[in-house]
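# Topology and contacts: notes
Residues per chain, in single letters:
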Amino acid sequence: MRIDRRTGLIALAGLAAPARLRAQPGWPSRPLRIVVPFGLGGSADIAARFLADPLSVALGQPVVVENRPGAGAVIGTDAVAKSAPDGHTLLLMSNTHTANETLLPARPYVLMRDLAPVAAINTAVHVLAVHGSLGVRTVAELIAKARAAPGTLDYASSGPGTPYHIASEVFAAMAGIRLNHIPFRGGNEARTALIAGQVPIMFDAIPTMREQITNGRVLGLATTGTARSPLLADLPAVAETLPGFEAAIWLGLMAPAGLPAPIAERLHAEIGKLLASGPARETMARNGAEPMPMSIAEFDAFLRGDIERQQEWIRMAKIQMR
């Protein structure tokens, strides 16, 4: 999900300025950190930077984005879980985190015990893209090629446990094929490998891959929503060939457990105002994302439900970290 940061931030900063809700006396008393447990340039990183400037205006303190990638998002997430629950440290998280509850049983934190939901941000579907050298032009042809030569085709992902990894494995399981996972340290590296033909298959965010498809560097086969994406309207949905298949990435904000309710409510209110604004909705729509308006309680329930959904998909597809 690539966000038009310059346009979006300028517009949102102006809208956020009047918002002044009372939380706790003296809060915030210093700059806030949004920890992104992923690399630079990915969906989570871009979303965090999209929020940072408007939030700094609304809260009257700088909001700094800190990338702390590593160990499948565990390093940065654990750092937030161990931080003081005073509203000055936040986590930009995704469905990687709900997947990790099953994939990484030895992680040093438990998501819903050690972190508290603050706000859902947005969701976006993927595109399935292939390198031209693979010689397929449809999802059906890809499945047929993989069935004819089991275990010989590789796919790239931005790392184990990421939505693109899970989508690829669920796709393979539902299609009855075997694909080899080639994980990279982030979406940029994986995308570069696809464009170079080093790895022939990849599920990726539509905005970041659309330019490559339009320019003919890679071939788009299908998108992963229940209906066709307006950003790639010529492409079918994977579900048109593989009924029931659906995949997306979603993003949200959490904080260390024990965050005082008034601070959580203030943060939730400010983020909700930003995401509900016309400029924010327009920016997200241009980039294939939709806001996820939820109360804190609804986001809590959504997270718990997604942990169960991810567990079902991981067990069905027999996904293992490797």
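Below is a short write-up of the structure. Since this is a predicted model, take the numbers as computed values, not measurements.

What counts, and where the lines are drawn
- Residues numbered from 1 in each chain as written.
- Predicted model: local features only at pLDDT ≥ 70, side-chain atom pairs only at ≥ 80, totals over all residues.
- Heavy atoms only, no water.
- Helix = DSSP H or I, 4+ residues; strand = E, 2+ residues; numbered from the N terminus.
- Buried < 20%, exposed > 50% of the residue type's maximum accessible area, 1.4 Å probe, protein only.
- Polar contact = N/O pair within 3.5 Å; in protein donor to acceptor, adjacent residues only side chain to side chain.
- Contact = heavy atoms within 4.5 Å.
- Expected span 1.5 Å × (residues − 1).
- Pairing = 2+ DSSP bridges.
- Salt bridge = Lys/Arg side-chain N within 4 Å of Asp/Glu carboxyl O.

What follows concerns the side chain of Asp204. In this structure, Asp204 sits in strand E7 (residues 201-205). Take Asp204: its relative accessible area is 1%, and that puts it in the buried class. Of note is the side chain of Asp204, whose polar atom sits 2.5 Å from the side chain of Arg191. With residues near it in sequence (within four places) discarded, Asp204 still touches His126, Val127, Tyr164, Arg191 and Met209.

Given a rise of 1.5 Å per residue, 22 residues ought to cover 32 Å, and the 31 Å separating the end C-alpha atoms of helix H12 (residues 296-317) matches this to within 8%. Turning to H12, its buried residues number three or more, namely Phe299, Phe302, Leu303, Gly305, Asp306, Ile307, Gln310, Ile314 and Ala317. On the buried face of H12, the contacting elements are strand E3 (89-94), helix H4 (95-103), helix H5 (111-114), strand E4 (115-130), helix H7 (163-175) and strand E9 (248-256).

The buried count for E4 comes to 14 of 16 residues, which makes it a mostly enclosed element. Across 9 bridges, E4 lies against E9 in antiparallel orientation. Residue pairing in the sheet places Ala120 in a bridge with Gly252 of E9. As defined by bridge partners, E4 adjoins E7 across 5 bridges and the pair is classed as antiparallel. By the bridge assignment for E7, Val130 is matched with Ile201. Bridge analysis of E4 against strand E8 (residues 219-223) gives 4 bridges, and the strand direction is antiparallel. Among the inter-strand pairings, Leu128 is bridged to a residue of E8, identified as Ala222.

In the segment running from Trp27 into Pro28, the intervening peptide bond is cis, with an omega of -5°. Within the secondary structure, Pro28 is located in the loop between helix H1 (5-16) and strand E1 (32-36). One non-glycine residue with positive phi stands out, namely Ala73, at about 80°. Its location among the elements puts Ala73 in the loop between strand E2 (63-67) and helix H3 (74-81). Positive phi is not limited to glycine here, since Lys318 has a value of about 55°. With respect to the helices and strands, the residue Lys318 is situated in the segment after H12. Judged by its relative accessible area of 72%, Lys318 is exposed.

Here we come to the pattern of salt bridges. A full pass over the atoms with the stated rule returns 13 salt bridges. In this structure, the salt-bridge partner of Asp204 is Arg191, at a minimum N-O distance of 2.5 Å. Of this pair, Asp204 sits in strand E7 while Arg191 sits in helix H8 (residues 187-195); the two residues are 13 residues apart in sequence, bridging distant segments of the chain. In this structure, Glu240 engages Arg228 in a salt bridge whose closest nitrogen and oxygen atoms are separated by 3.0 Å. Placement of the pair is Glu240 in the loop between E8 and E9 and Arg228 in the loop between E8 and E9, with a sequence separation of 12 residues. Classification of Glu240 as partly exposed rests on a relative accessible area of 49%. A network of salt bridges, in which partner residues are shared, links Arg33, Glu66 and Arg68.

Read these as spatial facts, not as claims about activity.
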